[in-house]
Amino acid sequence: MAAALDNENPLVRERETVVRRKDEGANRGALLGNYLGDGAYAATLQEEEGSDEREPIDSIEVFEHIRDIADPEHPYSLEQLGIVSHEDIKVDDVKGVIDVYFTPTVAHCSMATLIGLCIRAKIMRVLPSRFKVKVVLSKGSHSTEEAVNKQLNDKERVLAALENPNLLQLVNKCLAPTEAA
């Protein structure tokens, strides 16, 4: 018999179209002329030929990497369940800091630590190691928020968790490409 789900009937959202505001794109290079009105541009960047500068990372890029992580309990992505959104990602490219805030679907979610571990693992795999990454639950979103946040931001615990073959298999399953990607 299957284990009971923490949230048997989650609210499922549509995939969001993320746009970069005109002022957000100013530090990322030239935006292509995909003007969407109200000062918003599509998040498409013009390639700078022959440039040796590193490309800055912003919250939209981080969101694009984590939005399609599969939920461990449901056949939906973290974005579809409203667990992650680009508004809850803060990036300071100059200082090399990324803060990701996520919100489980229920306050007693038993998968919150695994979800946070998946977010952290994905960021570790796809973004440069120059970033100090903090993955935390949104304030007041979980009954054991402090304990989960402590686990997710303890480098030694995270590395030990990712060395556990069973846990690594679960993380890899959540990070596998989905139909929405």
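Keep in mind that this is a model prediction, so the values were computed, not measured.

**Remarks on the confidence of the model for the protein chain**
Taken over all residues, the pLDDT of the protein chain has a mean of 82, while the share at 70 or more is 73%. Mean pLDDT across the secondary structure elements of the protein chain bottoms out at strand 2 (residues 35–37), with 43, and peaks at strand 5 (residues 97–102), with 98.

**Observations regarding the sheet that holds strand 4 (residues 89–92)**
Pairing within the open sheet is mixed, and its three strands lie in the order 4-5-6. Each having just a single partner strand, strand 4 and strand 6 (132–137) make up the two edges of the open sheet. Pairwise comparison of adjacent strand axes, ignoring direction, gives a mean angle of 10° for this sheet. Alignment of strand 5 against strand 6, held across six bridges, turns out to be parallel.

**A short note on the nonpolar core**
Residues Val100, Phe102, Ile119 and Ile123 are the most contacted members of the largest nonpolar core, which totals 36 residues. Counting only elements with at least two residues in this core, the list comes to helix 2 (59–66), strand 5, helix 3 (112–126), strand 6, helix 4 (145–152), helix 5 (155–163) and helix 6 (165–175). Here this core takes eight residues from helix 3, the largest share from any one element. With sequence-adjacent residues up to four places away left out, isoleucine 123 is seen in contact with Val62, Ile66, Ile98, Val100 and Val133.

Reading guide: rules and limits
Residues numbered from 1 in each chain as written. Predicted model: local features only at pLDDT ≥ 70, side-chain atom pairs only at ≥ 80, totals over all residues. Heavy atoms only, no water. pLDDT = per-residue confidence, 0-100. Helix = DSSP H or I, 4+ residues; strand = E, 2+ residues; numbered from the N terminus. Pairing = 2+ DSSP bridges. Axes fitted to C-alpha atoms, helices over the stretch in contact; angles between N-to-C directions. Core = buried A, V, L, I, M, F, W, Y, C linked by side-chain atoms within 4.5 Å. Buried < 20%, exposed > 50% of the residue type's maximum accessible area, 1.4 Å probe, protein only. Contact = heavy atoms within 4.5 Å.

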